[in-house]
2 protein chains.
Amino acid sequence: MLGRIDHIGVAVEDLEASLQLYAEVLGMPVVHRETVAEQGVEAVLLDVGENHVELLAPLGPDTPVGRYVAKNGPGLHHVAYQVADVEATLAALAAAGTRLIDETPRNGIRGSRVAFVHPAATGGVLTEIVQPAEEH
Amino acid sequence: MLGRIDHIGVAVEDLEASLQLYAEVLGMPVVHRETVAEQGVEAVLLDVGENHVELLAPLGPDTPVGRYVAKNGPGLHHVAYQVADVEATLAALAAAGTRLIDETPRNGIRGSRVAFVHPAATGGVLTEIVQPAEEH
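Below is a short write-up of the structure. Throughout this document, residue positions are counted from 1 along each chain, in the order its sequence is written. Key to labels: chains lettered from A, ligands numbered from 1, both in the order written. The model is predicted, so local features are restricted to residues of pLDDT at least 70 and side-chain atom pairs to those at 80 or more, both for listing and for counting; the totals for chains, interfaces and linings are taken over all residues. With hydrogens and water stripped out, all remaining heavy atoms of the structure feed into the side-chain values.

Focus on the overall build of chain A
The helix and strand tally for chain A stands at 3 helices and 8 strands. Put simply, DSSP marks the helices as runs of H or I at least four residues long and the strands as runs of E at least two long, and each gets a number from the N terminus on. Of the regular secondary structure in chain A, the N- to C-terminal order runs β-α-β-β-β-α-β-α-β-β-β. Whereas a compact globule of 136 residues would reach a radius of gyration of roughly 14 Å, chain A reaches 15 Å, a difference of no more than 12%. Each of the 136 residues in chain A was classed as buried or not, and the buried ones make up 51%. In chain A, 51% of the contacts between residues at least 6 apart in sequence involve partners at least 24 apart. Charged residues are defined here as Lys and Arg on the positive side and Asp and Glu on the negative side; His and the ends of the chain fall outside this count. For charged residues, the charge sits on one atom: NZ in Lys, CZ in Arg, CG in Asp, CD in Glu. A gap of 6 Å separates the mean positions of the 8 positive and 19 negative side-chain charges of chain A. For a compact globule the rule gives 2.2 Å times the number of residues to the power 0.38, and the radius of gyration it is set against comes from C-alpha atoms. The classification of residues rests on relative accessible area computed with a 1.4 Å probe and restricted to protein chains. Under 20% of the type maximum is buried, over 50% is exposed, and intermediate values are partly exposed. Contact criterion: two residues are considered in contact whenever any of their non-hydrogen atoms come within 4.5 Å of each other.

Digging into the interface of chain A and chain B
Contact with chain A, which involves 33 residues of that partner, is made by 33 residues of chain B. The term buried area means the drop in 1.4 Å probe accessible area that two parts suffer when joined, counted for both and summed. Carbon and sulfur atoms supply 67% of the area that chain A and chain B bury against each other, a total of about 2600 Å² over both sides. Its largest share of buried area at the contact with chain B, chain A owes to A:Ile5, A:Leu26 and A:Leu76, together 20% of the area lost on that side. Take a side-chain nitrogen of Lys or Arg and a carboxyl oxygen of Asp or Glu: if they are within 4 Å of each other, that pair is a salt bridge. Inspection of the region where chain A meets chain B yields 2 salt bridges. Among the salt bridges present, the one from B:Glu50 reaches A:Arg4, with a minimum N-O distance of 2.7 Å. Pairing of N or O atoms within 3.5 Å defines a polar contact, subject to two protein rules: one partner must be a possible hydrogen donor and the other a possible acceptor, and residues neighboring in sequence count only if both atoms are side-chain atoms. Our enumeration of links across chain A and chain B arrives at 7 residue pairs in polar contact (both at pLDDT 80 or more). Those elements that place two or more of their residues in the side of chain A that touches chain B are strand E1 (5-11), helix H1 (15-25), strand E4 (51-58) and strand E5 (75-82) of chain A. Of the residues forming the side of chain A that touches chain B, the biggest block, 6 residues, is contributed by E5(A). For the side of chain A that touches chain B, the residue count by class is 20 nonpolar, 11 polar and 2 charged. We call Asp, Glu, Lys and Arg charged. Ala, Val, Leu, Ile, Met, Phe, Trp, Tyr, Cys and Pro are nonpolar, and the rest, Gly among them, are polar.

Looking at the relation of the copies chain A and chain B
What relates the pair of chain copies is a rotation about an axis plus a shift along that axis. Only residues with pLDDT of at least 70 in both copies count here: their C-alpha atoms drive the least-squares fit that superposes the copies. Superposition record for chain A on chain B: RMSD 0.0 Å, screw rotation 180°, translation along axis 0.0 Å. On this basis, the relationship between the two copies can be described by a two-fold rotation axis. Residues of chain A ranked by C-alpha distance from the rotation axis are headed by A:Leu76, positioned 3.4 Å from it. Most of the interface of chain A is mirrored in chain B: 100% of its interface residues are interface residues there too.

Some words on the sheet that holds E1(A)
Residues and elements named next belong to chain A. When DSSP finds at least two bridges between two strands, those strands are taken to pair. Reading across from one edge, E2-E3-E4-E1-E5-E8-E7-E6 is the order of the 8 strands in this open sheet, with mixed pairing throughout. Every interior strand has two partners, whereas the edge strands, strand E2 (30-36) and strand E6 (106-107), have only one. As paired strands, strand E7 (residues 113-117) and strand E8 (residues 127-131) are joined by 5 bridges and run antiparallel to one another. Across the sheet, the residue bridging to Val117 is Thr127, located in E8. The angle between two axes is taken between their N-to-C directions and runs from 0 to 180 degrees, where each axis is a line fitted to C-alpha atoms and a helix contributes only its stretch in contact. Helix-sheet contacts for helix H3 (residues 86-95) involve E7 and E8, and the interaxial angle to E7 is about 15°.

In structure tokens:
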């Protein structure tokens, strides 16, 4: 049902410092940068093998990632798996009784279609499924 | 310097329940199971694309993963990236001034050689580098 890890989401406090760390010290190429106002984040995507690291900087304290950082500090926020058909995967998960955050997909970065599974259904791990845009 | 995501490590409280979730509900094949007494965990590896999910159940409360679960609850514990040469990568990270947990590699599961970078050096993300055994 799930394909490779699309990305891990990392909640950061200081986007430029984190970017310098991941790009310069760890050597990951930056491939995309986007502000997603509806999710309250500025996101930067870096390549690592066929996978990505997504740095997430909150646009303010009263956003999901802002509240996460205030409570837990910066660090691993979620994991995202690639799927061929996000609607079909959501339907299969719902049919298996899996608790979802998103009953229907929403728009992700780079034209992807995404949905979040509730961490209560996945052992405390905030889990995203991603149907990449055709060109990625 | 870093290759694809080898695995994400997930700290769990109930290994059988988590295994059922990842194997049955999310459909990931189990490929390996090993007790690593020196790290105080029972580990199960599942395939997802070219990557893996590593479920980590503490062997007792007074272990690194046991203390993590007591403090944070179950959830995302670390991320591991593949490298061709763990010694060379450690040397490069140290030369860049990166704070390490392991100055020299230790034995990981399935015959791998691994080392941990300190989360203070990676924006709060416990980061592992993994040189897989030849056959994996």
